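# Observations on chain architecture
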Amino acid sequence: MEKEWVKLVLETIYLANPRGFCAGVKYAISYVETVFEQNPETPLYVRKEIVHNQRVVEEMKKKGIQFISDLNEVPDGSTVIFSAHGVSPEIVKEANDRKMRVGDATCPLVTRVHRKARNIRDSHQIIYIGHKGHDEAIGTMGEAKMFLVESPEDVESLRETIRNDKPLTYLMQTTLSVTDTKNIVKKIEEVFPFVEHPQKDDICYATTERQDAVKSMLNSVDAILVIGANNSSNSVRLCQLAQKSKPASFQISKKEDVNPEHLIQNKIKVLGITAGASSPQILVDEIVSELLLHFPNAKVSLFPESREDTMSFKLPKELIKESY
């Protein structure tokens, strides 16, 4: 009797759109695959995870692509690709000094933030809104002296550090919570009224759109399932956003993490599913299939208020032409 009740708990699964791979992730993966296909016999190294998703990394490893944490792990002259999150100028210099063949798979939107940092590093004091230790934050903060803040309280602590006789502005990590970032910017303006606001913030379109897609679902679901790795900043932000109004929302990274008891105990009849910007569609498909094994009567459909992500970035011309 209990088994039959279990089958009837989950009635509807809504898939958010846009979800999953963003243009920057597609660009980074395509970059690595293009370099590898041009010369599969030459060892290819990628510094750090190309994107924060273990499934993607493991698939590349099966092809023979090698992942490293530090350039010291490979010989001089090696072919090395920098991940989607970007690197500091110090890493670029080290690679050049060691005559490495460098490929830069940094998301173009992250590259834009690096460029902004270089343009203002001599003229301005810079507050960087981001998460300490995140690969993107480490790379961007290597471009200039910056003051890292993760919360309004961190801004408050800079009162005695920031000077009022030199222009001040701020940059931000591309994968932040839109709402939380607005609160931090508001605090910056309150504490430092002379701050110069950038013409455009740095949170990428994909982060914003995926957060908006989750917001649009919240009144129609009992919980949101976010598919994404724990070290994926945008996935974590999606889950935090959902949990603010739907506390039973949760995050998993693979089908083995599916826990039907969680849905049963929280009486989740309508479940919304989204995926972080580095989570492939095949992972979404596997997790939905796993859910249907436990709840075979559930109906799966796109959430009515959804739209496609049509953004794309072209690979550099020199990459297409060059033979590695």
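Treat the numbers as computed from the prediction; the structure is a model and nothing was measured.

Now for the pairing of strand S6 (residues 125-129). For S6, the tally of buried residues reaches five of five residues, placing the bulk of the element in the interior. Residues Gln125, Ile127 and Ile129 line one face of S6 and the alternating positions Ile126 and Tyr128 line the opposite face, and both faces are buried. The pairing of S6 with strand S8 (residues 168-172) spans five bridges and is classified as parallel. By the bridge assignment for S8, Gln125 is matched with Leu168. Here S6 runs beside strand S7 (residues 147-149); their pairing, made up of three bridges, is parallel. Residue pairing for S7: Ile129 is matched across the bridge by Val149. Once the chain exits S6 it traverses helix H6 (residues 135-141) before rejoining the sheet at S7, and the crossover so formed is right-handed.

Scanning all chains against the criterion turns up 20 salt bridges. Put simply, Asp97 and Lys93 hold a salt bridge, and the shortest N to O gap is 2.8 Å. Here Asp97 pairs with Lys93, and both are found in helix H4 (residues 89-97), just four residues apart, close to one helical turn. Looking at Lys93, the relative accessible area reads 52%, which means it is exposed. Two residues, Arg98 and Glu94, come together in a salt bridge whose shortest N-O distance is 3.9 Å. What makes Glu94 partly exposed here is its relative accessible area of 23%. In this structure, a network of salt bridges that share partners links the residues Arg55, Glu59, Lys62 and Glu286.

In this section: the sheet that holds strand S10 (residues 250-252). If you walk across this open sheet you meet the five strands as S10-S9-S11-S1-S12, and the pairing is parallel. Of all the strands in the sheet, the pair left with one neighbour each is S10 and strand S12 (299-302). Adjacent strand axes in the sheet meet at a mean angle of 25 degrees when their direction is disregarded. Strand direction decides the pairing type here: strand S9 (residues 223-227) and strand S11 (residues 270-275), joined by five bridges, are parallel.

We now examine the side chain of Thr34. Note that Thr34 resides in helix H2 (residues 23-38). Within the structure, the side chain of Thr34 is placed 2.7 Å from the backbone oxygen of Ser30, a separation counted as a polar contact. Dropping the residues within four chain positions of it, Thr34 is found in contact with Leu315 and Leu319.

Before going further, it helps to spend a moment on the packing of helix H9 (residues 205-217) against helix H10 (residues 233-245). When two helices pack together, their arrangement is given by the angle between their axes and by how far apart the axes lie. Where H9 contacts H10, the two axes come as close as 10 Å, and the packing angle between them is 25 degrees. The orientation of H9 with respect to H10, classified from their angle, is roughly parallel. For the crossing formed where H9 meets H10, the hand is right-handed. Only Asn234, Arg237, Leu238, Leu241 and Ala242 of H10 make contact with H9, whose side of the interface consists of Thr207, Arg210, Gln211, Val214 and Lys215. When grouped by side-chain class, the residues that make up the contact of H9 with H10 number four nonpolar, three polar and three charged.

Rules behind the numbers
Residues numbered from 1 in each chain as written. Predicted model: local features only at pLDDT ≥ 70, side-chain atom pairs only at ≥ 80, totals over all residues. Heavy atoms only, no water. Buried < 20%, exposed > 50% of the residue type's maximum accessible area, 1.4 Å probe, protein only. Helix = DSSP H or I, 4+ residues; strand = E, 2+ residues; numbered from the N terminus. Pairing = 2+ DSSP bridges. Right-handed = clockwise from strand over helix to strand, strands pointing away. Salt bridge = Lys/Arg side-chain N within 4 Å of Asp/Glu carboxyl O. Axes fitted to C-alpha atoms, helices over the stretch in contact; angles between N-to-C directions. Polar contact = N/O pair within 3.5 Å; in protein donor to acceptor, adjacent residues only side chain to side chain. Contact = heavy atoms within 4.5 Å. Parallel < 35°, antiparallel > 145°, perpendicular 65-115°, else oblique. Left-handed = near helix turned anticlockwise from the far one by under 90°. Nonpolar A, V, L, I, M, F, W, Y, C, P; charged D, E, K, R; others polar.

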